[in-house]
Amino acid sequence: MGCCEALMRAILIIINIVVSAAGVVLLIVGGIYLTKQWDFFDGLADYSSSIKPVLVPMMVMGGILLVVGLVGCIGACSQKSGLLNIYFVVILVCVVAELIVLIYGYVKKDSIKKEVKKGTEDYFAQYKAFVHDDKN
């Protein structure tokens, strides 16, 4: 095994350990918040109605990251081409999906700006009303 091959394998292992750790963190934080363990996040209890729709997709993404990271790490450690091929296909699909979203965002730039501006203004109007009601 050459020096470059060993270096690339080490880099792949390190990256996949970080990806797996991020997946575990997303799963743990989502699980704690979903089971209403407010002890860790006292300040977030007031926002429970607006954050609940985010929790399940966050945990799904955490699970996907964990599995992809483990497949890449195990494939790199054991030098199994089958696992590395699966890892490559998953990463390729993610990159293609990102490119599609990027192109769609560029093509629909004006409507996206309009929707984001409208959503932001509505959200801050609700926030101002909430703060104003608390002061009275």
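Keep in mind the model is a prediction, meaning the values are calculated, not measured.

A. Fine view of unusual backbone geometry. Although it is not a glycine, Gln-79 adopts a positive phi angle of roughly 55°. As for its placement among the helices and strands, Gln-79 is situated in the loop between helix H2 (48–78) and helix H3 (81–107). We classify Gln-79 as partly exposed; its relative accessible area is 44%.

B. The arrangement of a nonpolar patch on the surface in detail. A cluster of nonpolar side chains, Phe-88, Val-89, Leu-92, Val-93, Val-96 and Ile-100, forms an exposed patch at the surface whose accessible area comes to about 560 Å². One can find Ile-100 in helix H3.

C. Molecular detail of the packing of aromatic side chains. Within the structure shown, the criterion is met by 1 aromatic pair. Seen from their ring centres, Tyr-123 and Phe-124 are 5.9 Å apart, and the 75° between their planes marks the pair as edge-to-face. Accessibility expressed as a relative area gives 45% for Phe-124, which makes it partly exposed.

D. Examining the confidence of the model for the protein more closely. Per-residue confidence for the protein gives a mean pLDDT of 83; residues scoring 70 or more make up 84%. Per-residue pLDDT, averaged within each element of the protein, yields its smallest value for helix H4 (residues 109–135) (80) and its largest for H3 (91).

E. The arrangement of the state of the cysteines in detail. Scanning the entire structure with this criterion turns up 0 disulfides. Left without a disulfide partner, Cys-3 is nearest to the cysteine sulfur of Cys-4, which lies 5.6 Å away. Overall, the relative accessible area of 67% leaves Cys-3 in the exposed class. Note on Cys-4: relative accessible area 61%, which makes it exposed.

F. Main features of the side chain of Asn-16. Note that Asn-16 resides in helix H1 (residues 3–34). For Asn-16, the side chain forms a polar contact with the side chain of Tyr-87, separated by 3.1 Å. Those residues within four positions of Asn-16 in sequence are excluded, and the remaining contacts are Val-68, Gly-69, Gly-72, Cys-73 and Tyr-87.

Rules and cut-offs
Residues numbered from 1 in each chain as written. Predicted model: local features only at pLDDT ≥ 70, side-chain atom pairs only at ≥ 80, totals over all residues. Heavy atoms only, no water. Helix = DSSP H or I, 4+ residues; strand = E, 2+ residues; numbered from the N terminus. Buried < 20%, exposed > 50% of the residue type's maximum accessible area, 1.4 Å probe, protein only. Patch = residues over 30% accessible without salt bridge, like charges linked within 9 Å, V, L, I, M, F, W, Y side chains within 5 Å. Areas by Shrake-Rupley, 256 points an atom, 1.4 Å probe, with all protein chains shown as cover. Salt bridge = Lys/Arg side-chain N within 4 Å of Asp/Glu carboxyl O. Phe/Tyr/Trp six-rings, centres within 6.5 Å; stacked < 30°, edge-to-face > 60°. pLDDT = per-residue confidence, 0-100. Disulfide = S-S within 2.5 Å. Polar contact = N/O pair within 3.5 Å; in protein donor to acceptor, adjacent residues only side chain to side chain. Contact = heavy atoms within 4.5 Å.

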